[in-house]
Every structure is written in C-alpha cells, then in structure tokens.
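# Fold and contact review
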Amino acid sequence: MFRTKFRLTAAATVSLLALTLAGCSDSSDEPAASSGTTETAAPADTAATETAETEATRTEEAAVEQPAAPVTPAVQAPAADGDVDMAAVLEPGPLKEMALGDENAPVTIVEYMSMTCPHCASFHADNFKPLVEKYVDTGKVRFILREFPFDPRAAAAIMLARCAPENQFFPMVDVLFKQQRNWATAPDGREALLQIARLAGFTQESFEACLTNQKLLDDVNAVKTKAANEFGIQSTPSFIINGKRYPGNMSIETMSAIIDPLL
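Let us look at the structure shown here.

## Some thoughts on helix α6 (residues 152-163)
Over its 12 residues, α6 runs 16 Å from end to end, which matches the ideal 16 Å to within 8%, given 1.5 Å per residue. Buried residues dominate α6, accounting for 11 of its 12 residues. Those residues of α6 that sit buried are P152, R153, A154, A155, A156, A157, I158, M159, L160, A161 and R162. For α6, the N-terminal cap is D151; the gap from its side-chain oxygen to the backbone nitrogen of R153 is 3.1 Å.

Right under this line is the structure:
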C-alpha cells in the first residue's frame, strides 16, 4: 500500500502547486469366418444384452479413468479493518460529493484515493469498470470517490479534476490515472499536468487559476483530515462499504464477496 505521509500548509502548498510541482468410434466386430462346423447363433435378445453390458462396462471404466475436473474455490470476503459510522461518513463535507449510482442503492462504497498512488491507479484500471457495470449501473451500489492526496502533485491533479466540468470529473480522473507514470514522476510535473489539462479544455489561465485556488486546496485537505481523524483512513486506496473499512486494492471478485451478502 501507498503509505507516504503528507502534510500541507496553505502557503507552502500553493507555492508548490503553482511554482514547482516537483517530484499490473467404436467399430462393429467382423463376423467370424465359417470353419465348416455348425454353430448355433446366440438368440438376438441375448446378443443385444451382452453388447449393452459390454458398452456399460466400457463406460464405467472410462468414468473411473477420467480425472475429475479441478474445483475452483470461491473467493472469500476479507475481514474488515474496522467499523465506521456510515451516517457520519455520508454527512455533507466542504466539497460536492462525486458519486455514481442510485442514492437509494442498498450498498454504498466510499473510496479514498491519492492520484499519485500506483495501487489506486491499478484499482481504477482493472476493477473500477467491472464494479460499475456489475453493481452501480444495476442500481445495487452507490459509489463515492473522495480525495486523500499524499503529496502536492496528487493534490494538484485532483484539484484539476474538480475544476473540470462536473460531468468530466470521472473521465478526467480516469485519464490522470492512465497517464500517472507520465506526470507523477516527470521532472516538470507542472508542464506534464498542463498538457493533460489542455485535452480537457483548460487554458493556461484556467489551469493557473485552478492550482492557485486556496479555498479548493483547503477543502481537499479538509476531506483528507476528516477521513484520517474520524474514519481511520491511513492508506490508499481505502474503501468504506456499508460501515466497514477495507484498506488496499481489491479485485472485483473480492469486492463481490463483500457486496453480495449485503444485497
């Protein structure tokens, strides 16, 4: 898991964001030739019975010799890392909730993620789409994505996603995760993020305005602080599922093992 500790002060962070941003066939038997000796043929019923018995014996022998197909064990749901007051988790915060799915779905999943976390990128590359298709689009799960940045670049990236049009939030998060290696470790993180932001319609001016928005940065950090202090979130990705906390990247099979009993 990605466990780098991160702390931002207002002035220092804006400076970092705005100025530096440094840094998974059976054939029938032939009739016997005549030998001149008279032989009495077996009655038709008897011959048929013997043939059937022979075939049954062969079938039984084949069944005995055939190895059994391997049995794939069912995925077991992992034990929760702890219990969380779900009502408190769902209380409105300083930022608009970025959510997918029916508000009345029987299961609510809150993911805390950092945009520079490779485990978060792996989850969104391999398991997020199957989760949405299987549970969110079918009305079984409401999925909420929240910020938990570990470093200035992670904060900058999620701020840009927040500054994009609301209907572009999840698509931009997806692009940023797919391009994570390109911008998260680039010598000039600012320029790398600008190139991605331009594809989402940002201008130089709107890019600068977003990254120097102190209130937005404060709100992002407030979401992280509350998650750490009140809900026990210490690493990313971490999921809260109907009041249970599960840290770490989880496959769709593992998530299904958690979700299905709740439906």
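Right, picking up where we left off after that structure.
## Concerning the pattern of salt bridges
Pairing is possible between side chains of opposite charge, provided their charged atoms come close. Inspection of every chain in the model, using the stated rule, returns 9 salt bridges. Across the pair E208 and R190 runs a salt bridge, and its minimum N-O distance is 2.1 Å. One end of the pair, E208, is in helix α10 (residues 204-211); the other, R190, is in helix α9 (residues 189-199), with 18 residues separating them in the sequence. In this structure, the salt-bridge partner of K215 is D219, at a minimum N-O distance of 2.9 Å. Here K215 and its partner D219 are both found in helix α11 (residues 214-231), 4 residues apart, which amounts to about one turn of the helix. Given the relative accessible area of 56%, K215 is considered exposed.

## Here's the deal with the pairing of strand β6 (residues 244-247)
By the bridge criterion, 2 bridges tie strand β1 (residues 82-83) to β6 in an arrangement that is antiparallel. Of the residues in β6, the one forming a bridge with D83 is K244.

## A few points about the packing of helix α4 (residues 118-126) against helix α5 (residues 128-136)
Where α4 contacts α5, the two axes come as close as 4 Å, and the packing angle between them is 45 degrees. In terms of axis orientation, α4 runs oblique to α5. Taking contact as the criterion, the partners of F123, H124 and D126 in α4 are, on α5, F128, P130 and L131.

## Examining the sheet that holds β6
Ordered in space as β1-β6-β5-β3-β4-β2, the 6 strands form an open sheet in which the pairing is mixed. Edge strands, defined here as strands with exactly one partner in the open sheet, are β1 and β2 (98-100). Summarising the sheet, strand β5 (residues 238-241) and β6 pair through 4 bridges and their orientation is antiparallel. Following the sheet pairing, I240 is matched in β6 by R245.

## Details of the state of the cysteines
One pass over the structure, following the stated rule, counts 1 disulfide. One disulfide bridge connects C163 with C210, the sulfur atoms lying 2.1 Å from each other. With the S-S bond torsion at 90 degrees, the cross-link from C163 to C210 turns out right-handed. Residue C163 is located in helix α6, and its partner C210 is located in helix α10; the two are separated by 47 residues in the primary sequence. For C163, a relative accessible area of 33% puts it in the partly exposed group. This cysteine, C117, is not joined by any disulfide, and C120 carries the nearest cysteine sulfur, 3.1 Å off.

## Some points on the packing of α6 against helix α7 (residues 169-178)
In contact at an axis separation of 8 Å, α6 and α7 are set at 150 degrees when each is read in the N-to-C sense. By the angle class used here, α6 and α7 are roughly antiparallel. With respect to the hand of their crossing, α6 and α7 are arranged in right-handed fashion. Here A157, I158, L160, A161 and R162 of α6 lie close against α7, whose contacting residues are F169, M172, V173 and L176.

## A short note on the pairing of β5
On β5, burial covers both faces: S238 and I240 on one face and F239 and I241 on the other are all buried. In this structure, strand β3 (residues 107-113) lies alongside β5, joined through 4 bridges in antiparallel fashion. Considered in β5, the bridge of I109 is made with I241. Between β5 and the antiparallel strand that follows it, β6, lie 2 residues; N242 among them carries a positive phi value of about 45 degrees.

Rules and cut-offs
- Residues numbered from 1 in each chain as written.
- Predicted model: local features only at pLDDT ≥ 70, side-chain atom pairs only at ≥ 80, totals over all residues.
- Heavy atoms only, no water.
- Helix = DSSP H or I, 4+ residues; strand = E, 2+ residues; numbered from the N terminus.
- Expected span 1.5 Å × (residues − 1).
- Buried < 20%, exposed > 50% of the residue type's maximum accessible area, 1.4 Å probe, protein only.
- Polar contact = N/O pair within 3.5 Å; in protein donor to acceptor, adjacent residues only side chain to side chain.
- Salt bridge = Lys/Arg side-chain N within 4 Å of Asp/Glu carboxyl O.
- Pairing = 2+ DSSP bridges.
- Axes fitted to C-alpha atoms, helices over the stretch in contact; angles between N-to-C directions.
- Parallel < 35°, antiparallel > 145°, perpendicular 65-115°, else oblique.
- Contact = heavy atoms within 4.5 Å.
- Disulfide = S-S within 2.5 Å.
- Left-handed = near helix turned anticlockwise from the far one by under 90°.

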